[in-house]
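Descriptive structure summary
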Amino acid sequence: MAKPNHTLFFVQGNPSFAHCDAAVLGVAFDENTCYGRGAAAAPAAIMRASHQMDIEDPLTGKTLQTAIHNFGIKKPKGVREMVKAVEKPAQKSIEAKKLFILLGGDHSVVNGLLKAVPKDATFVNFDAHLDLREKWQGKKQSHAAVSKRIFDKGFGQVWIGVRDRINEEEMQFVAEKSLARKIFYCPSMPKAFYRGKLFSKWMQRKNVLFKGIGKKQLRAVLSAIETEKVFLNIDIDCLDLRQGVETGVPTPFGLTLEDLNLLLFEVCKRKKVLGLSIAELVPDSFNRGQTIAAMLCHNVLCWV
Ligand SMILES: [Mn+2]
């Protein structure tokens with residue numbers, strides 16, 4: 001159950017599900033990581049950090065009025081229990097047309113969404129990684145294979161923030177399934193990027209995102225999302241490390257906070273957002289990453 005400090009934005013109370021506009025579930029689970037641990041502590045840290053924020057929409061100046069039901073923070077033992085813990089609250093929220101906020105945990109928590117999200121929705125993945133491996137370290141439900149699981153279920157996907165180092169297995173899959181136009185890169189050296197042998201073969205030049213995303217790039221991203229309904233799937237490692245977030249698989253370069261915000265704003269404005277997941281955040285002792293994550297939740301709540 002939600003404890004007083006385990007609520008999103010509101011210190012007291014927990015609005016009943018029937019009377020809420022959105023619902024949040026925390027999943028303290030990081031068993032599926034392959035490098036840095038600590039994401040299990042993120043849900044509580046993000047909720048705590050949210051209490052320190054001014055809850056005003058930066059664009060309208062209005063205070064956030066959304067009633068958010070809290071499903072609490074689950075501590076599942078093992079993948080199967082984790083998937084089950086996510087499935088019911090996700091299904092209940094999405095069916096009742098309430099924005100579902102899932103706070104991981106490692107990225108594998110998204111496996112719990114696959115039954116709940118309707119098939120006519122696109123997963124908009126903000127991630128440094130494609131996560132398109134068939135399995136990783138022998139696990140099909142690894143955080144490094146989560147996009148492949150989404151693909152297997154037949155969902156559309158778009159990736160934003162993917163970096164230079166992508167393995168050949170994933171690239172071949174991208175070519176086979178003609179996914180190149182769905183992937184937007186944040187390479188370390190955008191102009192030199194295409195001289196690299198591996199990349200010139202697979203990728204689309206117009207999909208390289210430069211800092212300070214312009215109208216043209218924004219249009220390309222939006223047109224790659226082919227459905228009205230979307231689920232926003234944020235792996236916090238989409239952000240450039242210099243933005244101050246700690247994460248399980250740190251990857252230099254990536255999206256700035258400004259660009260991530262802009263992309264979220266445009267998607268919220270133009271699409272029907274069913275929910276939002278934030279995964280792979282490792283809370284830091286200065287509360288930077290968890291405050292950024294709380295802000296992202298807040299912004300999406302304001303903009304949908
Ligand atoms: Mn990632």
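Rules used throughout
- Residues numbered from 1 in each chain as written.
- Predicted model: local features only at pLDDT ≥ 70, side-chain atom pairs only at ≥ 80, totals over all residues.
- Heavy atoms only, no water.
- Core = buried A, V, L, I, M, F, W, Y, C linked by side-chain atoms within 4.5 Å.
- Buried < 20%, exposed > 50% of the residue type's maximum accessible area, 1.4 Å probe, protein only.
- Helix = DSSP H or I, 4+ residues; strand = E, 2+ residues; numbered from the N terminus.
- Contact = heavy atoms within 4.5 Å.
- Donors = N, O, S within 2.8 Å, 3.2 Å for Na, K, Ca; no water.
- Pairing = 2+ DSSP bridges.
- Axes fitted to C-alpha atoms, helices over the stretch in contact; angles between N-to-C directions.
- Salt bridge = Lys/Arg side-chain N within 4 Å of Asp/Glu carboxyl O.
- Polar contact = N/O pair within 3.5 Å; in protein donor to acceptor, adjacent residues only side chain to side chain.

What follows deals with the nonpolar core. One recurring pattern in soluble globular proteins: nonpolar side chains tend to sit buried together. Counting 54 residues, the largest nonpolar core has Phe-126, Ile-160, Leu-232 and Leu-255 as its most contacted members. Element by element, the count of residues in this core is highest for helix H8 (residues 288–303), at 9 residues. Residues within four places of Phe-126 in sequence aside, it is in contact with Ile-160, Leu-232, Asn-233, Ile-234, Asp-235, Cys-238, Leu-255, Leu-260, Leu-263 and Leu-264. The next biggest cluster of nonpolar side chains, apart from the first, holds 29 residues, and it includes Ala-67, Val-109, Ala-116 and Phe-123.

A few words now on the coordination of the manganese ion. Surrounding the manganese ion are the protein donor atoms Asp-127 (OD), His-129 (ND1), Asp-235 (OD), Asp-237 (OD) and Asp-237 (OD), at 2.2 to 2.7 Å. Spacing between the donor residues of the manganese ion along the chain follows D-x1-H-x105-D-x1-D. A relative accessible area of 1% places Asp-127 in the buried class.

It is worth spelling out the side chain of Ser-50 at this point. With respect to the helices and strands, the residue Ser-50 is situated in helix H1 (residues 42–50). Residue classification places Ser-50 among the buried positions, given a relative accessible area of 0%. Non-local contacts of Ser-50, meaning those with residues more than four positions away in its chain, are made with Thr-7, Leu-8, Phe-9 and Ala-294.

It is worth spelling out the sheet that holds strand S8 (residues 272–279) at this point. The strand order across the open sheet built from 8 strands is S2-S1-S3-S8-S7-S4-S5-S6, with neighbouring strands paired in parallel fashion. One side of each edge strand has no neighbouring strand; the edge strands of this open sheet are strand S2 (68–74) and strand S6 (183–185). Looking at each pair of strands side by side, their axes are set apart by 15° on average, direction ignored. Pairing of strand S1 (residues 22–27) with strand S3 (residues 99–104), which is carried by 6 bridges, proceeds in the parallel orientation. Each residue of the ladder has a partner; that of Ala-23, found in S3, is Phe-100. The sheet contacts of H1 involve S1, S2 and S3, and relative to S3 the element is tilted by about 120°.

Turning next to the pattern of salt bridges. Per the counting criterion, the structure on display carries 14 salt bridges. Residue Lys-182 is joined to Glu-226 by a salt bridge in which the shortest nitrogen-to-oxygen separation is 2.3 Å. Residue Lys-182 is located in the loop between helix H4 (168–176) and S6, and its partner Glu-226 is located in the loop between helix H6 (215–224) and strand S7 (229–235); the two are separated by 44 residues in the primary sequence. Classification of Lys-182 as buried rests on a relative accessible area of 12%. The salt bridge partner of Arg-288 is Asp-284, with a shortest N-O separation of 3.7 Å. When its relative accessible area of 41% is taken as the criterion, Arg-288 is described as partly exposed.

Take the environment of His-143 next. Along the chain, His-143 falls in the loop between strand S4 (121–126) and helix H3 (146–152). For the pair His-143 and Trp-202, spaced 59 residues apart in sequence, the C-alpha separation works out to 23 Å. When neighbours within four sequence positions are excluded, His-143 is seen to be in contact with Asn-32, Thr-33, Cys-34, Asp-106, His-107, Ser-108, Asp-131, Val-249 and Glu-280. Among the polar contacts made by the side chain of His-143, one reaches the side chain of Glu-280 at a distance of 2.8 Å.

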